[in-house]
Amino acid sequence: MTDKPDPSLFSVDLRDGEYVAVFAVSGFVRHKIKAASLEDARAQAHDMIEDMTEIAVGLEDEDITLDWVKPDTPMYRITRNGAKARCSFLLPGDLPRDPDETGF
């Protein structure tokens, strides 16, 4: 099989209400945010900058910048090489599967 599978055949974990915020602090910090909307996630991410300066000694607000906030990546529920998995992209040979009792 050389073609990628049809994404419409797969169960997708959409991660509603989860957003990813990336901060620049001499590198990057990736943090998941639970929010009602993208605007709410952005506001929470901006509020987190103050919290980070309290945790890191000597760090000031201007030392941290918010790079971006976006909805978390949907994850396809797959069987790959006989093992259950979730992934953000499909490869040839991936098979669709339903979520188990935990939602995985």
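Residues numbered from 1 in each chain as written. Predicted model: local features only at pLDDT ≥ 70, side-chain atom pairs only at ≥ 80, totals over all residues. Heavy atoms only, no water.

Novice: Any chance you could break down the side chain of Glu18 for me, citing the residues and the numbers?
Specialist: Relative to the helices and strands, Glu18 is located in strand S2 (residues 18-24). Every residue in contact with Glu18, bar those within four places of it in the chain, is listed here: Lys32, Ile33, Lys34, Pro71 and Asp72. (Helix = DSSP H or I, 4+ residues; strand = E, 2+ residues; numbered from the N terminus. Contact = heavy atoms within 4.5 Å.)

Novice: Lay out the packing of aromatic side chains in plain terms, naming residues and giving numbers.
Specialist: Here the structure, examined in full by the defined rule, presents one aromatic pair. With a centroid separation of 6.1 Å and an interplanar angle of 75°, the aromatic rings of Phe10 and Tyr76 are classed as edge-to-face. Of this pair, Phe10 sits in the segment before strand S1 (12-13) while Tyr76 is found in strand S5 (residues 75-80), placing the two residues 66 residues apart along the sequence. For the pair formed by Phe10 and Tyr76, the shared burial category is buried. (Phe/Tyr/Trp six-rings, centres within 6.5 Å; stacked < 30°, edge-to-face > 60°. Buried < 20%, exposed > 50% of the residue type's maximum accessible area, 1.4 Å probe, protein only.)

Novice: Describe the environment of Tyr76, listing the residues and the values that go with them.
Specialist: As for Tyr76 and Asp13, which are separated by 63 residues in sequence, their C-alpha atoms are 6.3 Å apart. Excluding residues that lie within four positions of it along the chain, Tyr76 makes contacts with Pro7, Phe10, Ser11, Val12, Ala85, Arg86, Cys87, Ser88, Phe89 and Leu90.

Novice: How would you explain a negative patch on the surface if you had to name every residue and give the values?
Specialist: Together, Asp47, Glu50, Asp51, Glu60, Asp61, Glu62 and Asp63 line one region of the surface with negative charge. Here Glu62 lies in the loop between helix H1 (38-55) and strand S4 (65-71). With a relative accessible area of 63%, Glu62 lands in the exposed category. (Patch = residues over 30% accessible without salt bridge, like charges linked within 9 Å, V, L, I, M, F, W, Y side chains within 5 Å. Areas by Shrake-Rupley, 256 points an atom, 1.4 Å probe, with all protein chains shown as cover. Salt bridge = Lys/Arg side-chain N within 4 Å of Asp/Glu carboxyl O. Lys, Arg positive; Asp, Glu negative; His and termini not counted. Charge placed at Lys NZ, Arg CZ, Asp CG, Glu CD.)

Novice: I'd love a proper account of the nonpolar core, names of residues and values included.
Specialist: In terms of nonpolar packing, the biggest core is built from twelve residues, these being Tyr19, Ala21, Phe23, Ile33, Ala35, Ala41, Ala45, Met48, Ile49, Met52, Ile64 and Val69. Mapped onto this core, the elements with two or more residues apiece are S2 and H1. In terms of residue count, H1 provides more of this core than any other element does, five residues in total. Beyond its immediate sequence surroundings of up to four residues, Ile49 is in contact with Phe23, Asp61, Ile64 and Leu66. Core analysis: the next-biggest nonpolar cluster, separate from the first, contains five residues, Phe10, Tyr76, Ile78 and Leu90 among them. (Core = buried A, V, L, I, M, F, W, Y, C linked by side-chain atoms within 4.5 Å.)

Just distances and angles here, no functional claims.
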